[in-house]
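The primary structure of each chain is shown beneath.
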Amino acid sequence: MSIEGESPSGAPAEVPPSVRAQLLATEHWGLLASRSTTQSEVLTRISMFLTFTSASVVSVALVGQATGFSDAFVLLAVVVLFIDSAIGLLTQLRVMNVAYEDLMYVTAMNRLRAAYVDLDPGVAPYLMAAHHDDEAGSRQTYYFFGARGSFSQVAGSSMIFMTTANATLIAILAGLLVTLAGAGTAVATVTGAVCGAGFLAVSVLRGGRRYRNLWRRFTPLSPTPPDKG
């Protein structure tokens, strides 16, 4: 009697191509579902952050009108901005993690398409998304119609949106702290601008370095041919 999955001689049985296609499709749908859930979750997180920040700023403005924008108002504004900034940084961390998780799902699905092409090479011309699991393949899957500039891709991302929002909060907070220390408006403005711009620059540089290190450590199974890279 032979064991299931083995031939009578004891060698592993050959899995029919139809079964392989079903297994690959099941994994593909699982990745699609996980990607959709993750994207929905992070968009909800961003919406919650914006709602909380808007509500807190309006509340501070109302308190300022009631107190005549006294020193107590400035202290309250600092506390509220500290809370907003903390929530913003946590949201930014989640947004950045989701961006790399999305890249992970895209790369995994590219690898599955490579398996589809191995099963039936004739389907390759009909796949607009890439079937190469490397950096060039991920860029093709994110944008089918040829090369798109890296600046456009990065500048329009949720990561940059959240980083810019946090840089603004940090700039305002830094300016208020300097004001509490007795500095004038000009010094507070310059300090806030430098802190906000510095935070934005450091975040972008760290994100870019993390992205480059990710591909440096990753070994693709179906790299893009040199003539298509």
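See the structure shown above.
Residues numbered from 1 in each chain as written. Predicted model: local features only at pLDDT ≥ 70, side-chain atom pairs only at ≥ 80, totals over all residues. Heavy atoms only, no water.

**Re the overall build of the chain**
Along its length, the chain carries six helices and zero strands. Counting from the amino terminus, the chain carries its helices and strands in the arrangement α-α-α-α-α-α. For a compact globule of 229 residues, the expected C-alpha radius of gyration is about 17 Å, and the chain comes in at 25 Å, more than 25% above that figure. Considering only C-alpha atoms, the chain reaches an extent of 90 × 40 × 30 Å along its principal axes. The proportion of buried residues among the 229 residues of the chain is 30%. For the chain, the proportion of contacts with a sequence separation of at least 24, taken over those separated by at least 6, is 74%. Per element, the accessible surface of the chain, about 14100 Å² overall, is 67% carbon and sulfur. Charge centroids of the chain, computed over 15 positive and 15 negative side chains, lie 9 Å from each other. (Helix = DSSP H or I, 4+ residues; strand = E, 2+ residues; numbered from the N terminus. Rg over C-alpha atoms; globule rule 2.2 N^0.38 Å. Buried < 20%, exposed > 50% of the residue type's maximum accessible area, 1.4 Å probe, protein only. Contact = heavy atoms within 4.5 Å. Areas by Shrake-Rupley, 256 points an atom, 1.4 Å probe, with all protein chains shown as cover. Lys, Arg positive; Asp, Glu negative; His and termini not counted. Charge placed at Lys NZ, Arg CZ, Asp CG, Glu CD.)

**Considering the packing of helix α2 (residues 71–119) against helix α5 (residues 158–180)**
Taken N-terminus to C-terminus, the directions of α2 and α5 make an angle of 160 degrees; their axes are 9 Å apart at the nearest point. Judged on the interaxial angle alone, α5 and α2 are roughly antiparallel. Seen along the crossing, α2 lies across α5 with a hand that is left-handed. Looking at the contact of α2 with α5 residue by residue, the class counts come to 18 nonpolar, seven polar and one charged. (Axes fitted to C-alpha atoms, helices over the stretch in contact; angles between N-to-C directions. Parallel < 35°, antiparallel > 145°, perpendicular 65-115°, else oblique. Left-handed = near helix turned anticlockwise from the far one by under 90°. Nonpolar A, V, L, I, M, F, W, Y, C, P; charged D, E, K, R; others polar.)

**A few points about a positive patch on the surface**
A cluster of basic residues, Arg-206, Arg-209, Arg-210, Arg-212, Arg-216 and Arg-217, forms a positive patch at the surface. Mapped onto the fold, Arg-209 is located in helix α6 (residues 185–217). (Patch = residues over 30% accessible without salt bridge, like charges linked within 9 Å, V, L, I, M, F, W, Y side chains within 5 Å. Salt bridge = Lys/Arg side-chain N within 4 Å of Asp/Glu carboxyl O.)

**A few points about the packing of aromatic side chains**
The full count for this structure, using the stated rule, is three aromatic pairs. When the centroid spacing of 6.2 Å and the interplanar angle of 80 degrees are considered together, the rings of Tyr-143 and Phe-145 count as edge-to-face. (Phe/Tyr/Trp six-rings, centres within 6.5 Å; stacked < 30°, edge-to-face > 60°.)

**Re the packing of α2 against helix α3 (residues 135–142)**
Where α2 meets α3, the closest approach of the two axes is 10 Å, and the angle between their N-to-C directions is 100 degrees. Looking at the two axes, α2 sits roughly perpendicular to α3. Counting all contacts with α2, which are made through Asp-102, Leu-103, Val-106, Asn-110 and Arg-113, the residues of α3 involved are Gly-137, Ser-138, Thr-141 and Tyr-142. By residue class, the composition of the contact of α2 with α3 is three nonpolar, four polar and two charged.

**Focus: α3**
Those residues of α3 lying buried are Gly-137, Ser-138 and Thr-141. In an axial view of α3, the angular spread of the buried residues amounts to 100 degrees, which keeps them on one side of the axis. The inward-facing, buried residues of α3 abut α2 and α6. (Arc of directions from axis to C-beta.)

**Quick look at the environment of Ile-87**
Mapped onto the secondary structure, Ile-87 falls in helix α2. For Ile-87, a relative accessible area of 28% gives the class partly exposed. Taking the C-alpha atoms as reference, Ile-87 lies 27 Å from Thr-185; in sequence the two are 98 residues apart. Discounting residues that sit within four places of it in the chain, Ile-87 has contacts with Phe-49 and Phe-52.

**Points about helix α1 (residues 17–67)**
Because each turn of an α-helix spans 3.6 residues, side chains separated by three or four positions end up pointing in the same direction. Over its 51 residues, α1 runs 75 Å from end to end, which matches the ideal 75 Å to within 8%, given 1.5 Å per residue. Along α1, the residues that are buried comprise Leu-24, His-28, Leu-31, Thr-38, Val-42, Ile-46, Phe-49, Thr-53, Ser-56, Val-60 and Gly-64. Contact partners of the buried residues in α1: α2 and α5. Looking one or two residues past α1, Gly-68 carries a phi angle of roughly 70 degrees, positive in sign. (Expected span 1.5 Å × (residues − 1).)

**Side note on the nonpolar core**
When a protein is soluble and globular, its nonpolar side chains tend to lie buried together. Counting residues in each nonpolar core, the largest one holds 16 residues, and the members touching the most others are Val-60, Leu-81, Val-95, Met-162 and Leu-176. Those elements that provide at least two residues to this core are α1, α2 and α5. Examining the composition of this core, we find that eight residues originate from one element, α2, more than from any other. Look past the residues within four positions of Val-95 in its chain and what remains in contact with it is Val-42, Ile-46, Ser-158, Met-159 and Met-162. Counting residues in hydrophobic clusters, the runner-up holds five residues, among them Leu-24, Tyr-105, Met-109 and Leu-112. (Core = buried A, V, L, I, M, F, W, Y, C linked by side-chain atoms within 4.5 Å.)

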